[in-house]
Amino acid sequence: MFTGIIEIIGEVVAVSKAQSSMQLKIKCNYDFIKNVIIGDSIAVNGVCLTVTALDRSTTMSYFMADIMPETYNASNLKYLNTTNKLNLERALLATNGRLGGHFVSGHVDTIGKIIAINKLANAVYYTIKPEVLCLQYCINKGSITIDGASLTLFEIDTKNKTFKVSLIPHTQQNTTLASKKVLDIVNIEYDILAKYVESVLQYGHNSQHDVVGQNVQNVGSATNIQHHSYERLTKDFLNKYNF
């Protein structure tokens, strides 16, 4: 799990491509990788990858990761070449204390194309046209992940199937997004909490019966199984309790 708050910018130093898979060698600084071990997860441009090898040299630290066909086909990683810059974030630690962005899984939903870039005061606005626009996950001023960065949605255009995000100066300075140009491709992950709500509502809508829970209690040598009936979380349930 990630937050969408980019920690550092890394650089591709080696790429090994097959037909629909690849291996990346990514340069980063020592402080970023000093506590990372093989098997850990790192978000690379918003894609959750597993560290398969690493080197903590103070002169040039790096880690390596494999990209399987599913990730290769679903993300913009397949377009990477050496010297390309990358947004990097280590997986969230439970002891970190703060969740600065929003919940990010690192599982890219689709890719999108930047079709316009406009500056306004100290902000830069990007208009993005995704291959798949999931309107059910998009609300004005809601959260979305672009190349691993947690951003705020603006001006969702249902007719042209586009949306806008803006970069504050800090995001411009500390991610790769400021270097993006019109027609560049970005990774998109929609809000995971919206996906869970949709799944719960859909599951409740399609089901014909209430959930029956079993509470198993051991009393001496006997086992007492208590059955509980629970109401499903549906639109009618929410209306019933004035949500």
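Located above this text is the structure these notes cover.
Residues numbered from 1 in each chain as written. Predicted model: local features only at pLDDT ≥ 70, side-chain atom pairs only at ≥ 80, totals over all residues. Heavy atoms only, no water.

(A) Focus on the pattern of salt bridges. Taken as a whole, this structure holds seven salt bridges when the rule is applied. In this structure, Glu-11 and Lys-27 form a salt bridge, with 3.8 Å as the shortest nitrogen-oxygen distance. Separated by 16 residues along the polypeptide, Glu-11 in strand S1 (residues 8-17) and Lys-27 in strand S2 (residues 22-28) bring together distant segments of the chain. Of the residues examined, Lys-27 reaches a relative accessible area of 29% and is grouped as partly exposed. Between Lys-181 and Asp-184 there is a salt bridge whose closest N-O contact spans 3.9 Å. (Salt bridge = Lys/Arg side-chain N within 4 Å of Asp/Glu carboxyl O. Helix = DSSP H or I, 4+ residues; strand = E, 2+ residues; numbered from the N terminus. Buried < 20%, exposed > 50% of the residue type's maximum accessible area, 1.4 Å probe, protein only.)

(B) Expanded view of the sheet that holds S1. The strand order S1-S2-S5-S4-S3-S6 describes a closed barrel built from six strands, whose pairing is antiparallel. If you compare each strand with its neighbour and ignore which way they point, the axes differ by 45 degrees on average. Inspection of the sheet shows S2 paired to strand S5 (residues 61-67) by seven bridges, in the antiparallel sense. By the bridge assignment, Lys-25 is partnered in S5 with Met-64. (Pairing = 2+ DSSP bridges. Axes fitted to C-alpha atoms, helices over the stretch in contact; angles between N-to-C directions.)

(C) Geometry of the sheet that holds strand S11 (residues 162-167). Ordered by their spatial adjacency, six strands build a closed barrel running S7-S8-S11-S10-S9-S12, and the pairing between neighbours is antiparallel. Within the sheet, the average angular offset between the axes of one strand and its neighbour, ignoring direction, is 45 degrees. Pairing analysis gives four bridges linking strand S9 (residues 143-146) to strand S10 (residues 149-157), with the strands arranged antiparallel. Bridged to Ile-144 within S10 is Leu-151.

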